[in-house]
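Each chain, written out:
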Protein chains: 2
Amino acid sequence: MKLSESEENYIKSIYNLQVKTEKVNTNSLAVFLNTSPASITDMLKKLKSKKLLEYKKYYGFRLNETGNTEALKIIRRHRLWEFFLVAKLGMEWEKVHDIAEELEHVSSPELINRLDAYLGKPKIDPHGDPIPDERGKVVLLKQKPLKDLAMKQNAIVSSVSSQGHEMMEMLNHYGIGIGSQIKVLKSFEFDGSLQIKIARKPECIISGMAAQNIYVYDN
Amino acid sequence: MKLSESEENYIKSIYNLQVKTEKVNTNSLAVFLNTSPASITDMLKKLKSKKLLEYKKYYGFRLNETGNTEALKIIRRHRLWEFFLVAKLGMEWEKVHDIAEELEHVSSPELINRLDAYLGKPKIDPHGDPIPDERGKVVLLKQKPLKDLAMKQNAIVSSVSSQGHEMMEMLNHYGIGIGSQIKVLKSFEFDGSLQIKIARKPECIISGMAAQNIYVYDN
DNA sequence: AAATAAATTTAGACAAATCTAAAAATAATT
DNA sequence: AATTATTTTTAGATTTGTCTAAATTTATTT
Ligand SMILES: [Mn+2]
Ligand SMILES: [Mn+2]
Ligand SMILES: [Mn+2]
Ligand SMILES: [Mn+2]
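The rules behind these values
- Residues numbered from 1 in each chain as written.
- Chains lettered and ligands numbered in written order.
- Predicted model: local features only at pLDDT ≥ 70, side-chain atom pairs only at ≥ 80, totals over all residues.
- Heavy atoms only, no water.
- Patch = residues over 30% accessible without salt bridge, like charges linked within 9 Å, V, L, I, M, F, W, Y side chains within 5 Å.
- Areas by Shrake-Rupley, 256 points an atom, 1.4 Å probe, with all protein chains shown as cover.
- Salt bridge = Lys/Arg side-chain N within 4 Å of Asp/Glu carboxyl O.
- Helix = DSSP H or I, 4+ residues; strand = E, 2+ residues; numbered from the N terminus.
- Buried < 20%, exposed > 50% of the residue type's maximum accessible area, 1.4 Å probe, protein only.
- Near = heavy atom within 4 Å.
- Polar contact = N/O pair within 3.5 Å; in protein donor to acceptor, adjacent residues only side chain to side chain.
- Nonpolar A, V, L, I, M, F, W, Y, C, P; charged D, E, K, R; others polar.
- Donors = N, O, S within 2.8 Å, 3.2 Å for Na, K, Ca; no water.
- Domains from an automatic or database assignment.
- Contact = heavy atoms within 4.5 Å.
- Buried area = accessible area lost by both parts, 1.4 Å probe.
- Pairing = 2+ DSSP bridges.
- Phe/Tyr/Trp six-rings, centres within 6.5 Å; stacked < 30°, edge-to-face > 60°.
- Lys NZ or Arg CZ within 6 Å of the ring centre and 35° of its normal.

Topic: a nonpolar patch on the surface
Residue and element names in this part refer to chain A.
Then step 1. On the surface, Ile 124, Leu 141 and Tyr 217 cluster together into a nonpolar patch covering about 220 Å² of accessible area.
Then step 2. By the element assignment, Ile 124 lies in the loop between helix H6 (109-118) and strand E3 (144-145).
Then step 3. Classification of Ile 124 as partly exposed rests on a relative accessible area of 34%.

Now the structure itself:
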């Protein structure tokens, strides 16, 4: 299926919103894509006519099987490029998203499969998100927000839900990265803040908001 | 200067045509880009208004200094990606052009400079064409068509003017590649065909047309 | 120097992707 | 159950890049 760059961006965004909500609605996609709701409706019509999604007017929409497959291809490209940019070109974690946002639209299957092999068929991207394989299969980590981690339990930082510059800055400050060993020492009920220990780093305290946006898996 | 993908394709094509002719004309660019002459005129107006070229109606056009600089940036990206695809991903010479045609439009300077460094700041692309450096400087080889090479003179194949599948097939058949050592043993005036010797390959005869499209430099 | 041919530009149309403002449908309150 | 608020869709424009067909300009022949 040949898709325009815009169509691809919409499909990928719908996929990402779908993870959280059953049905996606016009306004949330408009906010996510930073466009007007009218533009969303226009594109929904097109995607529906291309049989990529289920869409009942006024009642939200959702990718169908075909749409999902397409979304996973785009996400695969996006995350492989992010991996490349960090692992091979040594770019910073926070800068790679925007570049991958463009690279993901170059859609030669041979290119992507060779890139995949060249990178050693990586399973997770620099933000800790899983990279779909050639058949569109993703290995989901059993991760949870740091705030739900049991006290004194050893865990590994697996991903962060916000991947912008601000998050990066904070993580760098605390010396937290994807793969860091982490343990919660104390939790303050008042504001949800946590006292934590990162392996080979001094103890520190992070906010409840941070604790909600950092994901870990049990070790 | 922020340029659309189309504008970039036009600029790059004009640059490439300029190498051969003093002024570029509407029809040749239309043929080159496989579009209608009317579309060319439309785009020329836009590029002129963006002060990227000199254009006198009915009398042809030419990139100005700014246009040239932009063209060289696009060509740099194109050729670096081609180099990457062949050198790192092991793709074939004939397949990389179309992919680079898309990759070249991803225009993060940091990306390109890191890619350049990662590749070891290569000077020529897989087709033998020079890669402009960060400042837009190109090192031009003193090359000439094989048909103009003196008899029995040792030379190196430096580039080929046609880079499609057909050329690739023929070169592969004869065992000719960029960098091959070559010598002309005999020239047949009747049709311009040449008897040649490639280092470590059997002698063979190539057509006058081939001899015109394979470039070499003296050794 | 006309007449004819070739190249180029203009006029007008169209598809894609977006927008704003107005209308319509659905949801939430009183 | 009305009224009000929110969400979503439609109507109508706009920009970009393209096209065909007609008009215009330049080049080439006779
Ligand atoms: Mn994108
Ligand atoms: Mn990512
Ligand atoms: Mn291109
Ligand atoms: Mn090349």
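Still more ground to cover, so stick around.
Examining the protein's contact with DNA strand D
Then step 1. Lining the immediate environment of DNA strand D, one finds 21 residues, of which Tyr55(A), Lys57(A), Ser4(B), Ser39(B) and Lys46(B) sit closest.
Then step 2. Among the atoms of DNA strand D close to the protein, meaning within 4 Å, 78% are from sugar or phosphate groups.
Then step 3. Here Asn27(A) contributes a backbone N or O atom positioned 2.8 Å from a phosphate oxygen of DNA strand D.
Then step 4. Note that a phosphate oxygen of DNA strand D is positioned 3.2 Å from one of the side-chain N or O atoms of Ser6(B).
Then step 5. At the level of secondary structure, the elements contributing two or more residues to the surface near DNA strand D comprise helix H2 (26-33) and helix H3 (37-49) of chain A together with helix H1 (5-18) and helix H3 (37-49) of chain B.
Then step 6. Looking at the surface near DNA strand D residue by residue, the classes come out as eight nonpolar, nine polar and four charged.

Details of unusual backbone geometry
Then step 1. One non-glycine residue with positive phi stands out, namely Arg200(A), at about 60°.
Then step 2. Take Arg200(A): it is sitting in the loop between strand E6 (194-198) and strand E7 (204-206).
Then step 3. For Arg200(A), a relative accessible area of 79% gives the class exposed.
Then step 4. For Tyr58(B), which is not glycine, the phi torsion reads 70° and is therefore positive.
Then step 5. Among the secondary structure elements, Tyr58(B) is positioned in the loop between strand E1 (53-55) and strand E2 (61-63).

Section: the coordination of the manganese ion (ligand 2)
Residues and elements named next belong to chain A.
Then step 1. Within the protein, Glu 82 (OE), Asp 125 (OD) and His 127 (ND1) serve as the donor atoms for the manganese ion (ligand 2), at 2.1 to 2.3 Å.
Then step 2. In the primary structure, the donors to the manganese ion (ligand 2) are separated according to the pattern E-x42-D-x1-H. Taken as a pair, Glu 82 in helix H4 (residues 65-87) and Asp 125 in the loop between H6 and E3 lie far apart in primary sequence, 43 residues in all.
Then step 3. Accessibility expressed as a relative area gives 3% for Asp 125, which makes it buried.

Remarks on the domain arrangement of chain A
All names here are of chain A.
Then step 1. Partitioning chain A into domains gives domain 1 (5-63), domain 2 (73-140) and domain 3 (144-218).
Then step 2. Contacts between the two partners involve seven residues from domain 2 and, on the opposite side, 10 residues from domain 3.
Then step 3. When domain 2 packs against domain 3, close to 770 Å² is buried across both sides, 61% of that on carbon and sulfur atoms.
Then step 4. Looking only at domain 2, the three residues that lose the most surface to domain 3 are Trp 93, Glu 94 and His 127, adding up to 69% of its buried area.
Then step 5. Inspection of the region where domain 2 meets domain 3 yields zero salt bridges.
Then step 6. Of the residues in the side of domain 2 that touches domain 3, the class split is two nonpolar, two polar and three charged.

Overview of the pairing of strand E6 (residues 194-198) of chain B
Residues and elements named next belong to chain B.
Then step 1. Side chains of E6 alternate between two faces, with Leu 194, Ile 196 and Ile 198 buried and Gln 195 and Lys 197 left unburied.
Then step 2. Where strand E5 (residues 181-187) meets E6, five bridges bridge the pair, whose relative direction is antiparallel. Residue Ile 182 lies in a different strand from E6, and its bridge partner there is Ile 198.
Then step 3. Connecting the antiparallel pair E5 and E6 is a turn made up of six residues, with Gly 192 showing a positive phi of about 75°.
Then step 4. Sheet topology places E6 next to strand E7 (residues 204-206); three bridges connect them, and they run antiparallel. Its bridge partner lying in E7, Leu 194 is registered against Ile 206.

Quick look at the packing of aromatic side chains
Note on aromatic pairs: each is described by the distance of the centres and the angle between the planes.
Then step 1. All chains considered together, the criterion is met by eight aromatic pairs over all chains.
Then step 2. Centre to centre, the rings of Phe84(A) and Tyr118(B) are 6.3 Å apart; their planes meet at 80°, and the pair counts as edge-to-face. Highlighted residues: Phe84(A) in helix H4 and Tyr118(B) in helix H6 (residues 109-118), drawn from two different chains.
Then step 3. A cation over a ring is seen here: Lys56(A) above Tyr59(A), with NZ or CZ 4.5 Å from the ring centre.
Then step 4. When the ring centre of Tyr118(A) is taken as reference, the NZ or CZ atom of Lys88(A) above it lies at 4.5 Å.

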